[in-house]
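A closer look at the structure
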Amino acid sequence: VWLTLVNDVTERKRAEAALLESEEQFRQLADNIPQVFWITDVAQRKALYISAAAENLLGWPVPLLRARPRLLIRALHKEDRRRVRDGRKFAKQGGYDETYRIVRPDGSMRWVRDRAFPVYDASSTVYRIAGITEDITDRKEAEERLMNLAHYDVLTSLPNRFLFYDRLK
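Here is a short report on the structure shown in this document. (Residues numbered from 1 in each chain as written. Predicted model: local features only at pLDDT ≥ 70, side-chain atom pairs only at ≥ 80, totals over all residues. Heavy atoms only, no water.)

**Structural notes on the pairing of strand β5 (residues 126–135)**
In this structure, strand β1 (residues 36–41) lies alongside β5, joined through 6 bridges in antiparallel fashion. Residue pairing across strands places phenylalanine 37 opposite isoleucine 132, the latter belonging to β5. Note: strand β4 (residues 109–120) against β5, 9 bridges, orientation antiparallel. Bridge pairing in β5 places aspartate 114 opposite threonine 133. Linking two consecutive strands that pair antiparallel, namely β4 and β5, is a turn of 5 residues; a positive phi of about 60° is found at serine 124 within it. (Pairing = 2+ DSSP bridges. Helix = DSSP H or I, 4+ residues; strand = E, 2+ residues; numbered from the N terminus.)

Structural data, given as structure tokens:
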């Protein structure tokens, strides 16, 4: 007696190919945007993905950032650490949107806007936190220049009448 079992795996192979294509498209998109895209695991509290843009923003190679996640915390400006940590506590409840400073290994400072949102599994449980971090240093410097122009004379750099009245109030 011969028993022959035939399994058609065509559909499974198509699904695997579609998944691989989808993953490749995600990687190409995430690695080619200027913002840092990241994903963390809620249970293990570790970074699952950090896009290549993190290297330009933070000054450390991405493999090192994945291997030593404490570098991300150390990069936070000391004056901003508590506020950022408090904001991140709410990531599971609906995300956060924080603006803060980071200090790069060379000592230079950058302003960033960090936005995060919860990712739910099939049972509506938060299992990942995903986010986008963008460098807003140029915008912050432009705001400072505008404030300076509004309050100080361009030629003498002395306080102007507007600043005088503001302080008088």
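**Describing the pattern of salt bridges**
The final tally for this structure, using the stated rule, is 14 salt bridges. Where glutamate 98 meets arginine 83, a salt bridge forms, and the shortest distance between an N and an O atom there is 2.8 Å. Of the two residues, glutamate 98 is situated in strand β3 (residues 96–103) and arginine 83 in helix α5 (residues 81–88); the sequence distance between them amounts to 15 residues. Aspartate 97 is the partner of arginine 113 in a salt bridge, and the nearest nitrogen-oxygen pair spans 2.6 Å. In this pair, arginine 113 is assigned in strand β4 and aspartate 97 in strand β3, connecting sequence segments 16 residues apart. By relative accessible area, which is 24% here, arginine 113 ends up partly exposed. Its relative accessible area of 43% is what places aspartate 97 among the partly exposed residues. (Salt bridge = Lys/Arg side-chain N within 4 Å of Asp/Glu carboxyl O. Buried < 20%, exposed > 50% of the residue type's maximum accessible area, 1.4 Å probe, protein only.)

**Description of a nonpolar patch on the surface**
Together, Leu146, Leu149 and Val154 make up a nonpolar patch on the protein surface, roughly 330 Å² of accessible area in all. Relative to the helices and strands, leucine 146 resides in helix α7 (residues 137–151). Look at leucine 146 and you get exposed, because its relative accessible area is 58%. (Patch = residues over 30% accessible without salt bridge, like charges linked within 9 Å, V, L, I, M, F, W, Y side chains within 5 Å. Areas by Shrake-Rupley, 256 points an atom, 1.4 Å probe, with all protein chains shown as cover.)

**Considerations on the nonpolar core**
In terms of nonpolar packing, the biggest core is built from 23 residues, with Val36, Ala54, Leu58, Leu65, Ile102 and Ile129 touching the most fellow members. Only β1, α2 (53–58), α3 (62–67), α4 (70–75), β3, β4 and β5 provide two or more residues apiece to this core. The element contributing the most residues to this core is α2, with 4 residues. Each residue touching valine 36, except ones within four places of it in the same chain, is listed here: Ile50, Ser51, Ala53, Ala54, Leu57, Gly131, Ile132 and Thr133. If you look at the next biggest cluster of nonpolar residues, it comprises 5 residues, including Ala30, Phe37, Ile39 and Tyr49. (Core = buried A, V, L, I, M, F, W, Y, C linked by side-chain atoms within 4.5 Å. Contact = heavy atoms within 4.5 Å.)

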